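Listed below are the residues making up each chain.
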Amino acid sequence: MLEQDGAVADLEYEMRDGRMVLVHTEVPSELAGRGIGGRLVEAAVDRARHENLTIEPQCRFARGWLRRHPEVVGTLTVDWTARGT
């Protein structure tokens, strides 16, 4: 969760059997275009790396962001077969 200018952006995730499942990213319109969604995904990647978790990007935004930023993902395991919203 990230709060800025009185608005809240959030990345919903679930922890399952050594996986961090990225379920949904929500950035209100008043915060759009500031890279906040990407910052949330990057924070999730950092946590997954630190805890040696596999990322499962079910969220369409997170999936696209991860594909566009392979340098952030690095050697982290990503399960691209996951389907979601």
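Residues numbered from 1 in each chain as written. Predicted model: local features only at pLDDT ≥ 70, side-chain atom pairs only at ≥ 80, totals over all residues. Heavy atoms only, no water.

Peer 1: In this structure, what is going on with the packing of helix H1 (residues 36-50) against helix H2 (residues 60-68)? I would like to understand it.
Peer 2: A packed helix pair is summarised by two numbers, namely the angle formed by the two axes and the spacing between the axes. Axis separation between H1 and H2 bottoms out at 10 Å; the angle between their running directions is 75°. When the axis of H1 is compared with that of H2, the two are roughly perpendicular. Of the residues in H2, those in contact with Gly 37, Gly 38, Val 41, Glu 42 and Val 45 of H1 are Phe 61, Ala 62, Trp 65 and Leu 66. Residues that form the contact of H1 with H2 fall into these classes: 6 nonpolar, 2 polar and 1 charged. (Axes fitted to C-alpha atoms, helices over the stretch in contact; angles between N-to-C directions. Helix = DSSP H or I, 4+ residues; strand = E, 2+ residues; numbered from the N terminus. Parallel < 35°, antiparallel > 145°, perpendicular 65-115°, else oblique. Contact = heavy atoms within 4.5 Å. Nonpolar A, V, L, I, M, F, W, Y, C, P; charged D, E, K, R; others polar.)

Peer 1: Got a minute to help me understand the environment of Met 1 in this structure?
Peer 2: Along the chain, the position of Met 1 falls in the segment before strand S1 (2-4). Linking Met 1 and Gly 37, residues 36 residues apart in sequence, is a C-alpha distance of 10.0 Å. Look past the residues within four positions of Met 1 in its chain and what remains in contact with it is Val 8, Ala 9, Asp 10 and Leu 40.

Peer 1: Is there a simple way to explain the packing of aromatic side chains in this structure?
Peer 2: Scanning the entire structure with this criterion turns up 0 aromatic pairs. The lysine or arginine in question, Arg 67, covers the ring of Trp 80, its NZ or CZ lying 4.1 Å from the ring centre. (Phe/Tyr/Trp six-rings, centres within 6.5 Å; stacked < 30°, edge-to-face > 60°. Lys NZ or Arg CZ within 6 Å of the ring centre and 35° of its normal.)

Peer 1: What should I look at first to understand the pairing of strand S4 (residues 54-57) in this one?
Peer 2: Because side chains alternate across S4, one face comprises the buried residues Thr 54 and Glu 56, and the other comprises Ile 55 and Pro 57, equally buried. Summarising the sheet, strand S3 (residues 19-26) and S4 pair through 4 bridges and their orientation is parallel. Opposite Met 20, over in S4, you have Ile 55 as the bridge partner. A crossover connection joins S3 to the parallel S4 through H1; in handedness this β-α-β unit is right-handed. (Buried < 20%, exposed > 50% of the residue type's maximum accessible area, 1.4 Å probe, protein only. Pairing = 2+ DSSP bridges. Right-handed = clockwise from strand over helix to strand, strands pointing away.)

Peer 1: How do you make sense of the pattern of salt bridges when you look at a structure like this?
Peer 2: In this structure the tally under the stated criterion is 6 salt bridges. A salt bridge links Arg 19 to Glu 56; the nearest nitrogen and oxygen atoms lie 2.9 Å apart. On the criterion of sequence distance, the pair formed by Arg 19 in strand S3 and Glu 56 in strand S4 is long-range, its members being 37 residues apart. In this structure Arg 19 comes out as partly exposed when scored by relative accessible area, which is 26%. For Glu 56, a relative accessible area of 11% corresponds to the buried category. The shortest N-O distance in the salt bridge between Asp 79 and Arg 19 comes to 2.7 Å. Within this pair, whereas Asp 79 is found in the segment after helix H3 (70-73), its partner Arg 19 is found in strand S3, the two being separated by 60 residues in sequence. Each of Arg 19, Glu 56 and Asp 79 takes part in a single network of salt bridges with overlapping partners. (Salt bridge = Lys/Arg side-chain N within 4 Å of Asp/Glu carboxyl O.)

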